[in-house]
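# Structural overview
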Amino acid sequence: MNFVGAHVLSVSQFDRDAIEQVFTVADKMEPYAHRDRVTRVLEGAILGNMFFEPSTRTRVSFGCAFNLLGGEVRETTEIKTSSLAKGESFYDTARVLSGYSDVIVMRHQTEGSVQEFATASRVPVLNGGDGSNEHPSQALLDLYTIRKEMAAQGKDIDNLRIALIGDLRYGRAVHSLCRLLCLYRKVHFTLVSPPELSLPDSYVDEMRAGGHTVIESQDLAPGISHADIVYVTRTQEERFPSQEEAEKYKGLFRLNQSIYTQFCEPNTVIMHPLPRDSRGNANELDNDLNENPNLAIFRQTDNGVLVRMALFALILDVVHLVDKYARDVSWYTAKRF
Ligand code: NCD
């Protein structure tokens, strides 16, 4: 994959070499993300960060990643405050905003919208999530996290045992992650969801065709009992035809410390793309797991900055210059990492 000037729209663009390239650059970003060093390599560059759906970590971490490389961020955060609300097409918006920015990240509720936008853009576009379709940067940061967590246990991604729990129908993070995992060998997938929210057949077929094992279940306990990774998801209520319909599926699978102790192996890693829905009727990942050392959710969010910095550095072709424009930090930095 040639990253320079490329759009990142789908995980299907990635092979194992491309993934390795991203991860090698992500590792290199650690001193900058951890505030040991500052780099100004993207000084003068502008990121157009366009989030037409709610977002905290994807939007802010893309923005921080760009800032940490020395670039500036311009945000558009709602349809109602943009000209899309006046009937402007993606084509026109893309033509205009690509004149203002060096690279664009876009999230939108409609499947395929970011692809459509990219065809009219004059600068690279990264998919920050298009409806229930794809979320490539989340899948890359999840895979990067899986690789690190497994390496700490002396394991590999090949032969991984992963349980995916919850709304697998609408969860775009899961869709993209399953596709990336298909690039590895003999992954054992356990899919725990109500039948109405099961992973779409196209993904299951792709997984089976790639020689992976897929077990579908509606039971949390057996699903999580032989897993290296338990990946929990939120009911994607915004994708349901009505709120009442979404409510039916909330809280069906709840992981807490007592269930973890009873059914998981002692070092099973817990992941979630976040946000976890902590309201009483949902609470799919209980706060009583917060002190569990195998809870990797905040390592995922930290890793997201590294992976997003890597994508910008590769696409804007500055990987070899990052250290050249660097210096030590000059302010007090709290120990966070
Ligand atoms: C996910 C998303 O937006 O698809 N969140 C994220 O980007 N980390 C998952 C979710 O919203 O449940």
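Residues numbered from 1 in each chain as written. Predicted model: local features only at pLDDT ≥ 70, side-chain atom pairs only at ≥ 80, totals over all residues. Heavy atoms only, no water.

## Quick look at the overall build of the protein
When you go through the protein residue by residue, the secondary structure sums to 12 helices and 11 strands. For 337 residues, the compact-globule estimate of 2.2 N^0.38 gives 20 Å, and the C-alpha radius of gyration of the protein, at 20 Å, lies within 12% of that figure. For the protein, the spread of C-alpha atoms along the principal axes amounts to about 55 × 45 × 40 Å. Taking all 337 residues of the protein together, the buried fraction comes to 54%. When the accessible surface of the protein is totalled, it reaches about 14,500 Å², and 49% of it is carbon and sulfur. (Helix = DSSP H or I, 4+ residues; strand = E, 2+ residues; numbered from the N terminus. Rg over C-alpha atoms; globule rule 2.2 N^0.38 Å. Buried < 20%, exposed > 50% of the residue type's maximum accessible area, 1.4 Å probe, protein only. Areas by Shrake-Rupley, 256 points an atom, 1.4 Å probe, with all protein chains shown as cover.)

## Regarding the sheet that holds strand 7 (residues 188-192)
Overall, parallel pairing links the five strands, which are arranged 8-7-6-9-10 in an open sheet. A strand with exactly one partner marks an edge of an open sheet, and here the two such strands are strand 8 (213-217) and strand 10 (269-271). Across the sheet, the mean angle from the axis of one strand to that of its neighbour is 15°, orientation sign disregarded. When strand 6 (residues 161-165) meets strand 9 (residues 229-232), the two strands line up parallel, connected through four bridges. What sits directly across from L164, in strand 9, is Y231. On the sheet, helix 6 (residues 136-152) packs against strand 6, strand 9 and strand 10 and is oriented at approximately 170° with respect to strand 10. (Pairing = 2+ DSSP bridges. Axes fitted to C-alpha atoms, helices over the stretch in contact; angles between N-to-C directions. Contact = heavy atoms within 4.5 Å.)

## Considering the sheet that holds strand 4 (residues 103-108)
Sheet architecture is open: four strands sit in the order 3-2-4-5, paired in parallel fashion. The sheet terminates laterally at strand 3 (72-76) and strand 5 (125-130), the two strands that pair on one side only. Geometrically, the sheet is characterised by an average inter-axis angle of 15° between neighbouring strands, direction not taken into account. Inspection of the sheet shows strand 4 paired to strand 5 by four bridges, in the parallel sense. Residue pairing in the sheet places I104 in a bridge with V125 of strand 5. Where helix 3 (residues 57-68) meets the sheet, it contacts strand 2 (46-51), strand 3, strand 4 and strand 5, and its direction lies at approximately 180° from that of strand 2.

## What about the nonpolar core?
F14, I162, L164, F189 and F312 are the most contacted members of the largest nonpolar core, which totals 73 residues. The leading source of residues in this core is helix 12 (residues 297-315), at 10 residues. There are two domains that each give this core at least three residues, and those are domain 1 (11-134 + 301-328) and domain 2 (136-297). Once residues within four sequence positions are removed from consideration, I162 is found in contact with I146, L177, L181, V187, H188, F189, T190, I229 and Y231. In this structure, A163, I165, V232 and C264 belong to the second largest nonpolar core, which totals 18 residues. (Core = buried A, V, L, I, M, F, W, Y, C linked by side-chain atoms within 4.5 Å. Domains from an automatic or database assignment.)

## Re the domain arrangement of the protein
Domain boundaries in the protein define domain 1 (11-134 + 301-328) and domain 2 (136-297). Using C-alpha coordinates to define each centre, domain 1 is positioned 25 Å away from domain 2. The interface of domain 1 with domain 2 comprises 31 residues on the first partner and 27 residues on the second. Contact between domain 1 and domain 2 buries roughly 2,500 Å² in total, counting both sides, with carbon and sulfur atoms accounting for 55%. Contact with domain 2 buries surface across domain 1, with V11, R16 and F23 losing the most and accounting together for 25% of the total. For the interface between domain 1 and domain 2, the tally reads six salt bridges. (Buried area = accessible area lost by both parts, 1.4 Å probe. Salt bridge = Lys/Arg side-chain N within 4 Å of Asp/Glu carboxyl O.)

## With respect to the site of the ligand
In the vicinity of the ligand, the contacting residues are T58, R107, H135, Q138, R172, R234, Q236, P273, L274 and P275. H135 places a polar side-chain atom, nitrogen or oxygen, 2.8 Å from an oxygen atom of the ligand. In the model, an oxygen atom of the ligand is placed 2.8 Å from a nitrogen or oxygen of the Q236 side chain. Here the ligand has 320 Å² of accessible area as a free molecule, and 94% of this is covered by the chains. Of all the cavities here, the one that holds the ligand is the second largest pocket. Among the residues making up the shell around the ligand, the classes are represented as three nonpolar, four polar and three charged. (Near = heavy atom within 4 Å. Polar contact = N/O pair within 3.5 Å; in protein donor to acceptor, adjacent residues only side chain to side chain. 1 Å grid on protein atoms, 1.4 Å probe; cavity = no way out; pocket = protein on both sides within 12 Å on 5 of 7 lines; lining within 4 Å. Sits in = over half its atoms within 2 Å of the grid points. Nonpolar A, V, L, I, M, F, W, Y, C, P; charged D, E, K, R; others polar.)

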